[in-house]
Amino acid sequence: MIVSRSIPLVTGFVTLSHAPYIGRFAPSPSGPLHFGSLVAAVGSFLRARAMGGQWLVRIEDIDPPREVPGSSDDILRTLVAYGLEWDGEVFYQSQRLDAYQAKLDSLMANDLAYYCQCTRKQIHAMGGTYDGRCGALETPLESGAIRVRNTIGIDKFQDTLMGEIHLDKAFANEDFIIKRSDGLYAYQLAVVMDDAFQQITEVVRGCDLLETSCRQESLFNLFGLTPPTWLHLPLVCTTPGMKLSKQNHAPAIDIAQPQASLNAALQFLGQPQVEPRQQMHLMLEQAISQFDIELIPRQTEIILS
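What you see is a predicted model; the values in this text were computed from it and never measured. (Residues numbered from 1 in each chain as written. Predicted model: local features only at pLDDT ≥ 70, side-chain atom pairs only at ≥ 80, totals over all residues. Heavy atoms only, no water.)

Details of the UniProt feature "binding site: Zn(2+)" (unreviewed entry) in the chain
For step 1, the next point in the chain: Following the UniProt record, the feature "binding site: Zn(2+)" (unreviewed entry) maps to Cys116, Cys118, Tyr130 and Cys134 here. On the basis of their most widely separated C-alpha atoms, the annotated residues across 19 residues gather in one place, lying no more than 10.2 Å apart.
For step 2, the next point in the chain: Structurally, the position occupied by Cys116 is in strand β5 (residues 113–116).
For step 3, the next point in the chain: Residues within four places of Cys116 in sequence aside, it is in contact with Tyr130, Cys134, Leu141, Ser143, Gly144, Ala145 and Arg147.
For step 4, the next point in the chain: Relative to the assigned elements, Tyr130 resides in the loop between α4 (120–125) and β6 (145–148).
For step 5, the next point in the chain: Since its relative accessible area comes to 4%, Tyr130 is described here as buried.
For step 6, the next point in the chain: Among residues more than four places away in sequence, those in contact with Tyr130 are Tyr114, Cys116, Cys118, Ile123, Gly135, Arg147, Glu174 and Asp175.
For step 7, the next point in the chain: Within the structure, Tyr130 has its side chain in polar contact with the backbone nitrogen of Arg133 (distance 3.5 Å). (UniProt positions renumbered as here; feature names shortened; annotations may be inferred. Helix = DSSP H or I, 4+ residues; strand = E, 2+ residues; numbered from the N terminus. Contact = heavy atoms within 4.5 Å. Buried < 20%, exposed > 50% of the residue type's maximum accessible area, 1.4 Å probe, protein only. Polar contact = N/O pair within 3.5 Å; in protein donor to acceptor, adjacent residues only side chain to side chain.)

Pasting the structure below:
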């Protein structure tokens, strides 16, 4: 992948349309939070609070095969231990399946999506980018994965930190999957619908999702929605190209003595250290008062020393 850059409500959910800024942290419950997750959480939290806005927490629990029992509650306990208190109720994507399906039904009915049965091997033979062949069949398929007709194909966007991002045109124009062949809803569909539903004004997350932002921009435009702004933080990596992740068995962060890890996350983000205190909210108040977006390194990854 070529990426270049130049410097209606669920029960109990609170309407947040009055907020000038709404950010979010959206972990998947596939394991405990590690240092890379903490960096993303702290970065999005400080940005929202420094902007005087709301900070929401969304649990992206629509991929059961990857989920670890108890992880959702463990993640929330960890956020509380670090003083990262969210606004409103925790939002669970698993409560939104009917909304995702309704959107898919509408797209299919308007010929804006279609079934595809191509395998990874077939797509590899196409050069690695899907060529839309199932969408051109005279007799449409009636089962398989569902792909969106990507008529927008946005191949560049502005990132608040990284500047103007340019992506490979073939990737940007590909008809990508919005429902998997195993019946699970794809991340791209769910994240766009939920960012719009929660009125997110800026998405702050790691650079591992930098290139997929163009696909989300395309969906926002296809759905007639205004996309949020983007702010992608450097990834925490162990070696070049190897991010710290749950899949790579990254260790869970310490919730018994969180002060050191919080200061380490601030240092990673280029922010001034704060005075260690027993009450985490006091450390965060200082971090918010000192937060300066211009100090965040403008690079896609940083190797842990």
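Continuing now.
Observations concerning the sheet that holds strand β3 (residues 54–59)
For step 1, the next point in the chain: Across the sheet, three strands lie side by side as β2-β3-β4; this open sheet has parallel pairing. The open sheet is flanked by β2 (22–25) and β4 (91–92), the only strands paired with a single partner.
For step 2, the next point in the chain: Taken strand by strand, helix α1 (residues 35–50) contacts β2 and β3, and its axis lies near 150° from that of β3. (Pairing = 2+ DSSP bridges. Axes fitted to C-alpha atoms, helices over the stretch in contact; angles between N-to-C directions.)

Some points on unusual backbone geometry
For step 1, the next point in the chain: With a phi angle near 55°, Asp111 is a residue other than glycine that sits in the positive phi range.
For step 2, the next point in the chain: For Asp111, the position within the fold is in the loop between α3 (97–109) and β5.
For step 3, the next point in the chain: Overall, Asp111 belongs to the partly exposed group, its relative accessible area being 46%.
For step 4, the next point in the chain: In this structure, Gln199 takes a positive phi of about 60° despite not being glycine.
For step 5, the next point in the chain: Along the chain, Gln199 turns up in the loop between α6 (187–197) and β10 (202–206).
For step 6, the next point in the chain: Judged by relative accessible area, Gln199 falls into the partly exposed class, the value being 32%.

Points about the sheet that holds strand β14 (residues 301–303)
For step 1, the next point in the chain: Pairing within the open sheet is mixed, and its three strands lie in the order β13-β12-β14. Strand pairing shows two members of the sheet lacking a second neighbour, β13 (242–243) and β14, which therefore form its edges.
For step 2, the next point in the chain: The pairing of strand β12 (residues 235–239) with β14 spans three bridges and is classified as parallel. The partner of Leu235 across the bridge, within β14, is Glu301.

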